[in-house]
Amino acid sequence: MESCPICSSQTIQGMATITGVPTHCNVLLESQREALESPTGTLELVACGDCGHVFNRAFDARRMTYEGVYENSLHWSPRFQDYATRLAERLIADCDLRGKDVLEVGCGRGDFLQEICKAGANTGLGFDPSAPLADDPGATDRVTFVRDYFSPESYPRSRGDLVICQHVLEHVDDPAAFVDLLADALKTPRSCLYIEVPNGLVTVRHGAIWDLIYEHVWYFCERSLRMLLARRGLSTYWVEATFGGQFLSALVGPAEDAAPGLVRGEAPTRADVAAFQGHLDRMIASWRESLELASASGTVVVWGAGSKSVTFLNLTRPESRSIRAVVDVNPHKQGKYIPESGHEIVAPDQLQRLDPDVVLVMNPLYLDEVRRTLADLDLHPQVRSVVS
Ligand SMILES: [Zn+2]
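Notes on the structure in this doc start here. Here the residue numbers are simple positions, counted from 1 along each chain's written sequence. Whole-chain, interface and lining totals are the exception, using all residues; otherwise, since this is a predicted model, local features are given only for residues with pLDDT of at least 70 and side-chain atom pairs are given and counted only at 80 or more. Hydrogens and water are ignored here; the side-chain numbers use all heavy atoms of the structure.

Lining residues are those with an atom within 4 Å of a point, where the points come from a 1 Å grid over the protein atoms alone and group into cavities, where a 1.4 Å probe fits but cannot get out, or pockets, open sets with protein on both sides within 12 Å along at least five of seven lines. Grid points are joined across faces, edges and corners, and a volume is the space filled by probe spheres set on the points. Here the structure, examined in full by the defined rule, presents one cavity of 30 Å³ or more. By volume, the largest cavity amounts to about 40 Å³. Considering the residues around the largest cavity, the lining is formed by Glu 170, Pro 198, Thr 203, Asp 211, His 216, Trp 218 and Tyr 219. Partitioning the lining of the largest cavity into residue classes produces three nonpolar, two polar and two charged. Lys, Arg, Asp and Glu make up the charged group, whereas Ala, Val, Leu, Ile, Met, Phe, Trp, Tyr, Cys and Pro make up the nonpolar group; the residues left over, Gly among them, are polar.

Here's what the structure looks like:
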C-alpha cells in the first residue's frame, strides 16, 4: 500500500490530476519549434492525511535533467534582490557567520552564495550542474563553483559552517536521503543548515495553482518539513513562511533529542485537499474566458517567464495562444521560448513596439516593480495580477 514518504502514514487522499504539463519548465528553448515539441508529463497529486505533505505520485525521475541551459535565477528583480540581501544578513547573524565556510548545494548561477560571502567576508563553495565556469564574470576569489552534483563521497573534504540548499529539496526523488547528504556536509555539531522550498500550503489552501510544475515532486507545508527534519535527527531553530508567504524557510542543526512525535506546524486539511480539483478547474475555465475577452479587444502580454508563467500559459490553452509575448527582466531568458506553449520571451523595452493594452503579472510581489518599469517606458496599459 502507498504510504507518505515523509511520515509513513498510509492515509493518502487524492487531490488533482493534470495532464500535458512540460517536464522542464525552467529550460527555455532556442526556437519556437523546439518549444512546441517539449516533452510533457502528468501530475497526479495526492496528500498525506497526517502530515499534510502533497506529492506527485506520477513523477518519473528518469525524465529529469538539470544540466546545461537550466535558468531560474530571480536575482534580476529588485524585489527578490531585497529579499536575498535581508536573508543573507539574517543567516550571518543567526549562524555567527563571519570569515567562515559556506557550502551551497544547488547554487544555480551563485548569486546568493556571492551575496552571503561578500556580506560576511566568508568563503563559498557552490555545487550545481549549471554553476558558472571559472572564467565567468560571476566567479570571484571568494567563491568557487563546481559544475557537478554534490555528494559527501565525491567531495569528502567539502564541509560548511553553513550549508545552504534553496529550492532543490522539492525536486529530488528521495528527500530523506537528500537531507542526510546535506547534514553530512556540516563541518561541526554547531554548524547550521538552511533549507528553503516553495510553500506548498499556499498552493493547496490558497489556490496558487500556477505553482504546480512537473519538476516539483513534493509540496512541503510547515508540518511536513518539520517532520522530515525531525526524522533525520535535526532540530529546527526556526521554520517560517518567507518571501511574502510564498517560500518556506528552515534553519536547522544536529539535535540531541529529536522528537518526531511532537511535530507541529500548519498543514492542508482534508477539506483543502478535497476542494482543490474543483478550484483548479474553475480557475482555468475563468482565465480562458478572460483571455478570450481581453485579446478580442487589444494586445495582451504576460510579465515574468518563470515557472508560474509556464504553467499558466499551458493550462489556459488554446486561449493563451492570443497572448503576444512574455516579458522578463532576466537577459538570459530573452529571445528564448516558453516550453510547450511556444511564447517568445522579450525584454521590457520591446513593449514599446508591442504597445500592450493589458499586462498580466504572474507574481503579485512584482506589481510595483512592473508598474514603475512601464511608466519609465511611457506605457500605460491595464496591469493585472494573475494571482489575487
Ligand atoms: Zn505524511
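Before going further, it helps to examine the packing of helix α2 (residues 78-94) against helix α3 (residues 111-120). Geometry is summarised by axes, namely lines fitted to C-alpha atoms with helices restricted to the contacting stretch, and by angles between N-to-C directions that run from 0 to 180 degrees. Secondary structure counts use DSSP, requiring at least four H or I residues in a row for a helix and at least two E residues in a row for a strand, with both numbered from the N terminus. Running from N to C, α2 and α3 point in directions that differ by 50°, and their axes come no closer than 9 Å. By the criterion of interaxial angle, the relationship of α2 to α3 is oblique. Of the two elements, α2 crosses α3, and the hand of that crossing is right-handed. Counting all contacts with α2, which are made through Gln 81, Ala 84, Thr 85, Leu 87, Ala 88, Leu 91 and Ile 92, the residues of α3 involved are Phe 112, Glu 115, Ile 116, Ala 119 and Gly 120. Classifying every residue of the contact of α2 with α3 by side-chain character gives eight nonpolar, three polar and one charged. Any angle that falls under 35 degrees is termed roughly parallel, while one over 145 is termed roughly antiparallel, one within 65 to 115 roughly perpendicular, and all others oblique. Crossings are sorted by hand: turned counterclockwise from the far helix by less than a right angle, the near helix makes the crossing left-handed, and turned clockwise it makes it right-handed. By the convention used here, residues are in contact when the closest approach between their heavy atoms is within 4.5 Å.

With that settled, the discussion passes to unusual backbone geometry. Between Arg 317 and Pro 318 the backbone carries a cis peptide bond, its omega angle lying at 5°. In this structure, Pro 318 sits in the loop between α8 (307-315) and β13 (325-327). Here the phi dihedral of Asp 355 falls at roughly 45°; this positive angle occurs in a residue that is not glycine. Mapped onto the fold, Asp 355 is located in the loop between α9 (351-354) and β15 (358-361). Overall, Asp 355 belongs to the partly exposed group, its relative accessible area being 49%. The cut-offs for exposure are 20% and 50% of the maximum accessible area for each residue type, with area from a 1.4 Å probe on protein chains only; residues under the lower value are buried, those over the upper are exposed, and the others partly exposed.

Further remarks concern the pattern of salt bridges. Any two side chains of opposite charge can pair, given that their charged atoms come close. When a carboxyl oxygen of Asp or Glu is within 4 Å of a side-chain nitrogen of Lys or Arg, the pair counts as a salt bridge. The final tally for this structure, using the stated rule, is 18 salt bridges. As a salt-bridge pair, Arg 57 and Glu 44 come within 3.1 Å of each other at their nearest N and O atoms. Here the residue Arg 57 occupies a position in the loop between β3 (54-56) and α2, and Glu 44 occupies one in strand β2 (residues 40-48), the gap between them amounting to 13 residues. Through salt bridges that share partners, Glu 2, Glu 44 and Arg 57 make up one connected network.

The strand order across the open sheet built from four strands is β1-β2-β3-β9, with neighbouring strands paired in antiparallel fashion. The open sheet has two free edges, formed respectively by β1 (12-22) and β9 (218-219), since each of these has just one partner strand. When DSSP finds two or more bridges between two strands, those strands count as paired. Pairing of β2 with β3, which is carried by three bridges, proceeds in the antiparallel orientation. Bridging from a neighbouring strand, Leu 45 pairs with Asn 56 of β3. Helix α7 (residues 270-297) contacts β1 and β2 of the sheet and is inclined by roughly 30° relative to β1.

Below, the discussion takes up the coordination of the zinc ion. Ligating atoms shown are N, O and S within 2.8 Å of the metal, or 3.2 Å for Na, K and Ca, and water is not included, meaning a site may look less than complete. Taken together, Cys 4 (SG), Cys 7 (SG), Cys 48 (SG) and Cys 51 (SG) make up the protein donors of the zinc ion, found 2.3 Å from the metal. In this scheme the shape depends on donor count and angles: four donors with every angle between 85 and 135 degrees give tetrahedral, four or six donors with opposite pairs above 155 degrees and others between 65 and 115 give square planar or octahedral in turn, and any other case is irregular. The coordination sphere of the zinc ion comprises four donor atoms, whose angles at the metal cover 102 to 116°; the geometry is tetrahedral. On the primary sequence, the residues serving as donors to the zinc ion are separated as C-x2-C-x40-C-x2-C. Separated by 44 residues along the polypeptide, Cys 4 in the segment before β1 and Cys 48 in strand β2 bring together distant segments of the chain. Pair check on accessibility: Cys 4 and Cys 48 agree, each one buried.

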